[in-house]
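Architecture and fold: a report
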2 protein chains.
Amino acid sequence: MLVWNQLDQQAQLKLLTRPAVSAGAGVQIAVEGIIEEVRQKGDKALFEMAEQFDNRQSDRLRVTEDEIAQSELQLSSELKNAIDQAYNNIRAFHELQLPESKMLETQSGVVCELKYQAIDAVGIYVPGGSAPLPSSVLMQGVCAQLSGAKTVVLATPVKGDERIHPAILYAAKKCDINIIVESGGAGVIAAMALGTESVPKVDKVFGPGNAFVTMAKQLLSQSVPGFAIDMPAGPSEVLVIADEHANPAFAAADLLSQAEHGADSQVLLLCDSASFINEVEAEITRQLAVLSRADIAKKAMENSALILVESIEQAFELSAEYGPEHLILQIRDAQSRIDLVKNAGSVFVGDYTPESAGDYASGTNHVLPTYGYSKTYSSLNLMDFFRTYTVQSITKQGLLNLSKAILPLAEAEGLDAHANAVAIRINGGK
Amino acid sequence: MLVWNQLDQQAQLKLLTRPAVSAGAGVQIAVEGIIEEVRQKGDKALFEMAEQFDNRQSDRLRVTEDEIAQSELQLSSELKNAIDQAYNNIRAFHELQLPESKMLETQSGVVCELKYQAIDAVGIYVPGGSAPLPSSVLMQGVCAQLSGAKTVVLATPVKGDERIHPAILYAAKKCDINIIVESGGAGVIAAMALGTESVPKVDKVFGPGNAFVTMAKQLLSQSVPGFAIDMPAGPSEVLVIADEHANPAFAAADLLSQAEHGADSQVLLLCDSASFINEVEAEITRQLAVLSRADIAKKAMENSALILVESIEQAFELSAEYGPEHLILQIRDAQSRIDLVKNAGSVFVGDYTPESAGDYASGTNHVLPTYGYSKTYSSLNLMDFFRTYTVQSITKQGLLNLSKAILPLAEAEGLDAHANAVAIRINGGK
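Residues numbered from 1 in each chain as written. Chains lettered and ligands numbered in written order. Predicted model: local features only at pLDDT ≥ 70, side-chain atom pairs only at ≥ 80, totals over all residues. Heavy atoms only, no water.

Taking an unreviewed UniProt entry as the reference, chain A is identified by name as Histidinol dehydrogenase belonging to Pseudoalteromonas obscura. Under the Sequence similarities (unreviewed entry) heading, UniProt states for chain A: "Belongs to the histidinol dehydrogenase family." In its Pathway (unreviewed entry) section, UniProt records this for chain A: "Amino-acid biosynthesis; L-histidine biosynthesis; L-histidine from 5-phospho-alpha-D-ribose 1-diphosphate: step 9/9." (UniProt positions renumbered as here; feature names shortened; annotations may be inferred.)

Each helix and strand counted, chain A has 16 helices and 14 strands in total. Dimensions of chain A along its principal axes, counting C-alpha atoms only, are 85 × 60 × 45 Å. Going through the 430 residues of chain A one by one, you find that 60% of them count as buried. Of the contacts made within chain A by residues no fewer than 6 positions apart, 75% connect residues no fewer than 24 positions apart. Element-wise, carbon and sulfur atoms account for 49% of the exposed surface of chain A, whose accessible area totals about 16200 Å². Treating the 33 positive side-chain charges of chain A as one cloud and the 53 negative ones as another, the clouds have centres 8 Å apart. (Helix = DSSP H or I, 4+ residues; strand = E, 2+ residues; numbered from the N terminus. Buried < 20%, exposed > 50% of the residue type's maximum accessible area, 1.4 Å probe, protein only. Contact = heavy atoms within 4.5 Å. Areas by Shrake-Rupley, 256 points an atom, 1.4 Å probe, with all protein chains shown as cover. Lys, Arg positive; Asp, Glu negative; His and termini not counted. Charge placed at Lys NZ, Arg CZ, Asp CG, Glu CD.)

So, on to the packing of aromatic side chains. Residue and element names in this part refer to chain A. All told, the structure shown has six aromatic pairs over all chains when counted by the stated rule. Taking 5.2 Å as the distance between ring centres and 75° as the angle between the ring planes, the aromatic pair formed by Y373 and Y377 counts as edge-to-face. Between R18 and the ring centre of Y322, over which it is positioned, the NZ or CZ distance is 3.7 Å. (Phe/Tyr/Trp six-rings, centres within 6.5 Å; stacked < 30°, edge-to-face > 60°. Lys NZ or Arg CZ within 6 Å of the ring centre and 35° of its normal.)

Residues and elements named next belong to chain B. As paired elements, strand β2 (residues 102-107) and strand β3 (residues 110-118) share five bridges and run antiparallel to each other. Among the inter-strand pairings, L104 is bridged to a residue of β3, identified as C112. Where β2 hands over to β3, the hairpin turn is made up of two residues, of which G109 adopts a positive phi near 85°. (Pairing = 2+ DSSP bridges.)

On to the interface of chain B and chain A. Listed by partner, the interface residues are 128 residues for chain B and 128 residues for chain A. Interface area for chain B against chain A, summed over the two sides, is near 10400 Å², with a carbon-plus-sulfur share of 57%. Contact with chain A buries surface across chain B, with Y352, Y360 and R425 of chain B losing the most and accounting together for 8% of the total. Our count for the chain B to chain A interface comes out at six salt bridges. Between R425 of chain B and D254 of chain A there is a salt bridge, and its shortest N-O distance comes to 2.7 Å. (Buried area = accessible area lost by both parts, 1.4 Å probe. Salt bridge = Lys/Arg side-chain N within 4 Å of Asp/Glu carboxyl O.)

In this section: helix α10 (residues 248-259) of chain B. Side chains three or four residues apart in an α-helix point the same way, a direct result of the helix having 3.6 residues per turn. Residues and elements named next belong to chain B. Here α10 spans 16 Å end to end across twelve residues, near enough to the 16 Å set by a 1.5 Å rise per residue. Counted residue by residue, α10 has twelve buried out of twelve residues, so it is predominantly covered. Among all positions in α10, only P248, A249, F250, A251, A252, A253, D254, L255, L256, S257, Q258 and A259 are buried. For α10, the side-chain oxygen to backbone nitrogen distance between the N-cap and A249 is 2.8 Å, and the N-cap itself is N247. (Expected span 1.5 Å × (residues − 1). Polar contact = N/O pair within 3.5 Å; in protein donor to acceptor, adjacent residues only side chain to side chain.)

Laid out in structure tokens, this is it:
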């Protein structure tokens with residue numbers, strides 16, 4: 001246990017600072033090479049990389065429509081129903097977010113409109129690794145589906161002679177995704193940004209990934225005009241604020257559910273009761289013993305911190321400074337203190353709202369800003385699949401009214417032709 | 001005049017491709033050095049750079065509150081009124097965009113909420129150069145003001161013994177901006193991202209600038225955790241779609257008002273009438289003769305293209321492919337064809353809606369995506385000064401209902417501790 005007010009300033013700062021995750025020049029050079037390969041050779045580059053990196057020999061990149069259609073036959077009814085239920089909640093909450101155009105006559109004869117356009121073609125990356133991640137498909141796929149994007153490409157890695165897990169295919173099917181690419185890493189990100197024979201070119205790529213994927217997204221968004229990416233990615237994080245009224249077993253379970261994500265997970269508890277922190281520590285030891293990913297969780301817990309604070313108000317201040325991806329509030333009157341929250345990706349309120357509820361099924365999105373980006377970046381939401389633009393229509397009389405603002409400003413800025421485009425109209429023209 | 005359907009594919013592609021604007025490694029190395037200087041020396045670095053780059057010796061970086069308060073006394077009443085009128089229109093249109101929280105009980109006992117938080121501290125950069133740009137202050141400052149950001153910093157360059165133009169100070173005053181920094185270039189961008197003695201650290205920097213400013217924004221957003229920037233910047237662009245019902249003098253004036261921005265401006269006319277294009281060409285020559293910035297405009301017009309298309313429908317298709325920053329529609333029934341527009345930053349509809357109306361005063365924002373980014377990026381809008389996050393509150397019964405979705409998904413993803421955080425709650429806990 002650490003006591004916040006007894007730490008010197010440097011130790012305090014260190015606790016709220018994330019470990020550096022700079023990818024290094026080696027990753028950049030490797031990814032630049034991969035992008036160039038894909039640019040020149042298209043599909044062929046992806047096949048070669050599959051052989052080289054994933055020990056995979058395959059003559060196809062795309063899953064067939066039949067495989068997608070039949071995916072649910074390979075699922076237990078429990079898992080199928082779980083995906084259905086999660087899909088329904090996520091869809092309902094994101095449907096709320098569908099944007100509406102807004103129009104205003106700012107002055108007589110001057111009508112301005114704010115409009116929305118779905119991004120035409122989007123790519124969704126679902127990382128592989130130790131387990132399939134159908135929830136990642138739902139979180140991104142529901143948004144793409146609701147936006148009405150014309151082209152949606154899902155890419156996910158497979159190794160050796162694996163197939164994509166049917167839970168991923170079924171989640172994709174629920175979201176009407178029919179372009180599914182069996183390929184991962186920087187190569188398939190480049191394929192989506194540039195287009196190949198089998199992979200349609202998309203306008204924006206979403207989804208987390210390793211250092212190579214992140215670097216590819218960054219480099220391509222800087223070099224392919226119009227190509228965009230979702231948000232900077234970093235290790236997952238949770239911050240729990242608890243008081244003596246909370247349940248230490250629940251708090252421990254929440255800390256561990258973050259810790260099992262990866263050895264680099266960031267896990268913090270802020271609490272104003274020393275005895276509660278001691279109980280949480282004991283619970284962590286007890287619960288860790290039976291976890292299948294105990295090794296990973298243990299490593300993450302070594303970097304974690306259980307911190308005694310002076311007051312819950314101080315906990316809110318420190319949380320705002322840290323800007324956690326997930327913030328769990330297990331405190332008395334949690335509901336009435338939500339407005340104290342700042343700089344969090346998603347907030348979990350009360351004893352019966354574990355992070356895993358939002359990770360899978362409550363309806364909120366689990367793609368959230370990490371690494372302190374929750375000070376400025378939004379949680380993934382439907383607007384990330386749209387763009388906003390404006391339209392104005394002005395009558396001749398409207399332009400005459402407006403000229404009193406335009407002409408002196410254009411003159412002050414030394415832009416004659418700007419003034420002339422107005423003057424020629426209000427003075428007659430041809 | 002170019003005839004689209006007579007061009008080969010390569011020539012067509014070239015017309016819709018922007019010239020490369022890669023900053024080059026030299027700029028990156030220089031900017032990295034500048035950032036390091038500011039990190040180490042703070043204000044002192046800015047003073048040294050002012051001397052070195054701007055031939056300026058000054059012992060202050062901040063404009064006094066008195067100077068801001070008295071700025072309007074130095075303005076003509078025409079210019080003051082013009083700023084007031086533009087401010088009112090821009091404010092009214094952006095006020096429409098204030099976000100509202102949304103709440104939904106996705107299933108019994110599971111309440112999800114989408115909330116908004118203003119970004120705390122924002123920086124606004126207004127480039128200098130040949131003229132003061134009060135309109136740039138208004139476009140960004142109104143958003144910051146409406147968002148309720150706690151700290152708003154305005155930075156703009158001054159050379160030699162210049163002072164900031166009172167029109168800029170007055171526009172800032174209208175937007176309640178009282179931190180105004182007399183400093184430009186990559187140095188002041190670094191100062192805003194990192195903080196110095198005189199320049200408060202901000203979370204997000206907005207505004208266009210030269211290659212050094214753009215590079216600084218890019219590098220800092222990748223290296224300072226949580227620090228964000230607005231959008232990629234590029235040369236300004238206009239695309240005019242006109243038919244024979246339009247007025248060639250108006251079309252020419254609009255093309256020229258874009259061309260005078262800079263020699264790298266992109267100017268395109270798409271029209272289905274050869275005789276109309278001829279008339280526009282004659283008008284351009286006539287109007288160019290009397291422009292004060294004729295040299296710049298002439299250079300830009302050399303790279304421009306007046307293109308004869310087969311039909312107005314084809315013009316809309318080409319425009320969608322190009323993705324112009326500004327799109328002007330001078331065609332019959334323009335109003336009823338707005339829905340054909342895709343990938344434009346701001347649209348100007350009808351004979352009496354010149355681009356300069358939106359540049360200054362109609363109410364829409366003039367900070368728009370260029371360089372093809374209008375396929376994916378939004379025009380600057382109030383949401384760029386907010387972030388979105390979510391909150392969920394679940395009852396014990398609600399979690400029991402939700403467990404049917406969470407537990408099978410956590411199991412499929414191999415995440416025991418995620419399942420345990422739910423199981424321990426619905427099975428009792430302490």
